[in-house]
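Examination of the molecular architecture
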Amino acid sequence: DVSESQCSRESVRTMSLPKGPEYLEVYVSAIAHPGAFWVQLIGSTAVKLDQLSESMTRFYETTGKDLTLPSVKKGDLVAAPFENDNTWYRARVMDVQVSELDVFYVDYGDSAYLDASKVKPLSAEYLELPLQAIECRLHGVEPTPGGWSDATFERFEQLTYCAKWKVIMAQLIAYEKDIASLVLYDTNKEQDVNINDELVKCGLALA
Ligand code: 2MR
């Protein structure tokens, strides 16, 4: 009974990046600014994530179509549609407003405001895969005095191919309070680009 499985699910784990000297292949899936962005680690779980969304979409568009959540509270994990692609994803309710929910897509790191009637209970089978969005910051990179600008955001989006599902490389320097501090490299071009250095060189961030 899926309606029973709605709760905050503190026990659902978030993926973490393996420690070690090796370079990791990642997708940058969402960006707030260079001090807060989300990556997905490429590998077998990324394949499982696509399968998960396919199976959730099949379920919530058919058998699960009429399911409703009797009540939603902050922290709940729910099934939520994504407006850009008619696909269903796992999401956490971050805030409950009068008629709207602020939801955070836990496998991608982006957010949306959704009408409370749009989200559905998340069945237990969809909770087995660890949450795939890993929160990160750029190592050794600080905002310029005015704070992170739109120009920095846009350049950082381009440099990382944010949500374009193109592989870049990451070096994990440290975990600081559950946030992975990274150096990112674009190895898709003729010359490798150190993205941390690039932002500093362009005056979009301070070292
Ligand atoms: N094919 C989609 C994938 C979208 C993934 N979803 C997401 N959040 C829930 N964020 C990017 C696309 O690229 O639009």
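Everything in this summary refers to the structure shown in the same document.

Basis of the calculations
Residues numbered from 1 in each chain as written. Predicted model: local features only at pLDDT ≥ 70, side-chain atom pairs only at ≥ 80, totals over all residues. Heavy atoms only, no water. Near = heavy atom within 4 Å. Polar contact = N/O pair within 3.5 Å; in protein donor to acceptor, adjacent residues only side chain to side chain. 1 Å grid on protein atoms, 1.4 Å probe; cavity = no way out; pocket = protein on both sides within 12 Å on 5 of 7 lines; lining within 4 Å. Sits in = over half its atoms within 2 Å of the grid points. Nonpolar A, V, L, I, M, F, W, Y, C, P; charged D, E, K, R; others polar. Points joined across faces, edges and corners; volume = space filled by probe spheres on them. Helix = DSSP H or I, 4+ residues; strand = E, 2+ residues; numbered from the N terminus. Buried < 20%, exposed > 50% of the residue type's maximum accessible area, 1.4 Å probe, protein only. Arc of directions from axis to C-beta. Contact = heavy atoms within 4.5 Å. Expected span 1.5 Å × (residues − 1).

Taken together, Phe82, Asp85, Tyr89, Tyr105, Tyr108, Asp110 and Trp165 make up all the residues around the ligand. Within the side chain of Trp165, a nitrogen or oxygen atom sits 3.0 Å from an oxygen atom of the ligand. In this structure, the ligand is accommodated by the second largest pocket. Along the lines of polarity and charge, the residues of the shell around the ligand split into five nonpolar, no polar and two charged.

This part takes up the layout of surface pockets. Reported here for the largest pocket is a volume of approximately 400 Å³. Lining the largest pocket are 14 residues, with Thr14, Met15, Ala133, Glu135 and Asp178 sitting closest to its centre. Its residues placed into classes, the lining of the largest pocket shows eight nonpolar, two polar and four charged. In this model, the second largest pocket occupies a volume close to 240 Å³. Considering the residues around the second largest pocket, the lining is formed by 15 residues, among which Ser29, Phe82, Asp110, Ala163 and Trp165 are closest to the centre. Mapped onto the lining of the second largest pocket, the elements with two or more residues apiece are strand S1 (24-33) and helix H2 (150-160).

So, about H2. Looking at H2, one finds that the buried residues are Thr152, Phe156, Leu159 and Thr160. Buried residues in H2, looked at end-on, bunch into an arc of 85°, giving them a common side. Among the exposed residues of H2, those oriented more than 90 degrees off its buried face are Asp150 and Gln158. Its buried side turned inward, H2 meets S1, strand S2 (36-41), strand S8 (134-138), strand S9 (168-176), strand S10 (179-186) and helix H3 (195-201). In the stretch just after H2, Tyr161 is the one whose phi turns positive, near 55°.

It is worth spelling out helix H1 (residues 44-61) at this point. Quick reminder: α-helices carry 3.6 residues per turn. Residues three or four places apart thus point the same way. When the terminal C-alpha atoms of H1 are compared, their 26 Å separation across 18 residues agrees well with the 26 Å that a helix rising 1.5 Å per residue should span. Thr45, Ala46, Leu49, Leu52, Ser53, Met56, Thr57 and Tyr60 are the residues of H1 that are buried. Down the axis of H1, the buried set is contained in an arc of 130°. They therefore lie on one face. With respect to the buried face of H1, the exposed residues turned more than 90 degrees away are Ser44 and Arg58. Where H1 is buried, its residues meet S2, strand S3 (77-82), strand S4 (87-96) and strand S7 (120-121).

Let us look at the environment of Lys120. Among the structural elements, Lys120 can be located in strand S7. Considering only alpha carbons, one finds Lys120 and Gln132, twelve residues apart in sequence, at a separation of 20 Å. Excluding residues that lie within four positions of it along the chain, Lys120 makes contacts with Tyr60, Gly64, Lys65, Asp66, Leu67, Leu69, Val78, Ala79 and Trp88. Here Lys65 takes part through its backbone oxygen, which lies 2.9 Å from a polar atom of the side chain of Lys120.

Keep in mind these numbers describe shape, not what the thing actually does.
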